[in-house]
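Here's the letter readout for the chains.
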2 protein chains.
Amino acid sequence: MKEQTSPDSPLADLCRQRGLKLTGQRRTIAFVLSDSDDHPDVEELYRRAVAVDSRISIATVYRTVRLFEENGILQRRDFGGGRARYEVADGDHGDHYHLIDADSGKVIEFENAELDALLDTIVQQMGYGLVTTRLSVVGRKKAKTRSGN
Amino acid sequence: MKEQTSPDSPLADLCRQRGLKLTGQRRTIAFVLSDSDDHPDVEELYRRAVAVDSRISIATVYRTVRLFEENGILQRRDFGGGRARYEVADGDHGDHYHLIDADSGKVIEFENAELDALLDTIVQQMGYGLVTTRLSVVGRKKAKTRSGN
DNA sequence: ATATTTGCAAACCCTTTGCAGACCG
DNA sequence: CGGTCTGCAAAGGGTTTGCAAATAT
């Protein structure tokens, strides 16, 4: 009888690697997150999780999401609108940013090495080491350019 | 009898220019804001306003701050921590960003034309026009001795 | 004069928490 | 088994709002 090595989602595995107790709920939430490529808020995660296993409470989603964030598994984002949104954390590199469509609210991810480098340089020159970058640009589709704010 | 042209703070004047009714409370809040060069949250603004005129309620500060934001007089910022913080809006140019000290939480403003340009270019290339940039970097002061951790 | 604004307190929204029972390792 | 995790509902912190009285233009 062979041992099952990894029947779980990538995030569930990560969970285990981090030494976190892998409960049914966490497994479900991890699965839902692994399965998401957008930036759901807690209520949305709750909806998706309940669809998989109805025995999950929203309090647990809040607790899990916080736990995952503290363990570097998730990243919390704020795109305005009062509620926190989450996405699977990037590896140490591959950092990415967000462009938010001013009209539709749609979030578009992008990467840019030059931007990475420039930010790092700027922060260095100010005598600091870069810890985190929180950057989202709001843009409007192909119209006049405004260089405000 | 000559008309008083401008006995008020710069922001109170802006208020008037925008056609907003200039009440006592708004005048006070505008004064407090003109007098601030940091990024106070609503409670802090309330404290400062009450120090000038005790007949102000926090509800009015919330309402005024929102009004000012909607009229481009103030800018709301989010540095984490749940509460919104405010600062006087930049003119169309002179845009600036924020570096947050990871340890002290201190907010340090900076400008960088190269960064302005790069962001604009990136957004253009994605087929959008830049509307707003929300950027704050968290950094840790470089230790000159060693960087243990 | 009269439409707006204010203060107060209650309402709201998102998030956290105390507790008793359920569960993982 | 023992400590951790969960569900529930109540509490919490920031922000908004309904209403009658006060106020600006």
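The name given to chain A in an unreviewed UniProt entry is Ferric uptake regulation protein, with the source organism recorded as Komagataeibacter saccharivorans. Looking at the Subcellular location (unreviewed entry) heading of the UniProt record, one finds this comment for chain A: "Cytoplasm".

A. Up close: the nonpolar core. By size, the foremost hydrophobic cluster in this structure holds 23 residues, and its most contacted members are Leu115 and Val137 of chain A together with Leu115 of chain B. Looking at this core, the elements with two or more residues in it are β3 (97-101), α5 (113-125) and β5 (128-141) of chain A together with β3 (97-101), α5 (113-125) and β5 (128-141) of chain B. With residues near it in sequence (within four places) discarded, leucine 115 of chain B still touches Leu115, Leu118, Leu119 and Ile122 of chain A together with Tyr97, Phe110 and Leu135 of chain B.

B. Representation of the relation of the copies chain A and chain B within the structure. In the superposition of chain A on chain B (RMSD 0.1 Å, axial shift 0.0 Å), the rotation amounts to 179°. Here the transformation between the copies is reduced to the relation of a two-fold axis. Taking C-alpha positions as reference, the residue of chain A nearest the rotation axis is leucine 135 of chain A, located at 2.1 Å. Of all interface residues in chain A, 88% are interface residues in chain B too; the two copies therefore contact each other through one and the same surface.

C. Region of interest: the pattern of salt bridges. Under the criterion given, the structure shown has 24 salt bridges over all chains. In this structure, the salt-bridge partner of arginine 16 of chain B is aspartate 13 of chain B, at a minimum N-O distance of 3.1 Å. Of the two residues, arginine 16 of chain B and aspartate 13 of chain B are both situated in helix α1 (residues 10-17); the distance of three residues between them amounts to about one turn of the helix. Since its relative accessible area comes to 37%, arginine 16 of chain B is described here as partly exposed. By relative accessible area, which is 17% here, aspartate 13 of chain B ends up buried. The partner of glutamate 44 of chain B in a salt bridge is arginine 47 of chain B, and the shortest N-O contact between them spans 2.2 Å. Linking glutamate 44 of chain B with arginine 47 of chain B, this pair stays in helix α3 (residues 42-52), spanning three residues, or about one helical turn. One salt-bridge network, in which partners are shared between bridges, spans Asp38, Glu43, Glu44, Arg47 and Arg48 of chain A.

D. Structural detail: helix α1 (residues 10-17) of chain A. Residues and elements named next belong to chain A. Among all positions in α1, only Leu11, Ala12, Asp13 and Cys15 are buried. Close packing links the buried residues of α1 with α2 (24-34), α4 (58-70) and β2 (85-88). Positive backbone phi, approximately 80°, marks glycine 19, located one or two places after α1.

About the thresholds
- Residue indices follow the written sequence of each chain, beginning from 1 at its first position.
- As they are written, the chains are lettered A onward and the ligands numbered 1 onward, keeping that order.
- The predicted origin of the model limits local features to residues at a pLDDT of at least 70 and limits the giving and counting of side-chain atom pairs to 80 or more, whereas totals for whole chains, interfaces and linings rest on all residues.
- Hydrogens are left out, water is left out, and the side-chain values use all remaining heavy atoms of the structure.
- UniProt positions are given in the numbering used here, feature names are shortened, and annotations may be inferred rather than shown by experiment.
- In this description, a nonpolar core means a group of buried Ala, Val, Leu, Ile, Met, Phe, Trp, Tyr and Cys residues linked to one another through side-chain atoms lying within 4.5 Å.
- Only protein chains enter the accessibility calculation, which uses a 1.4 Å probe; a residue is then buried when its area is under 20% of its type maximum, exposed when over 50%, and partly exposed in between.
- Counting from the N terminus, the helices are DSSP H or I runs at least four residues long and the strands are E runs at least two residues long.
- Should any heavy atoms of two residues lie within 4.5 Å, those residues are counted as being in contact.
- Only residues with pLDDT of at least 70 in both copies count here: their C-alpha atoms drive the least-squares fit that superposes the copies.
- Whenever Lys or Arg places a side-chain nitrogen within 4 Å of a carboxyl oxygen from Asp or Glu, that contact is recorded as a salt bridge.

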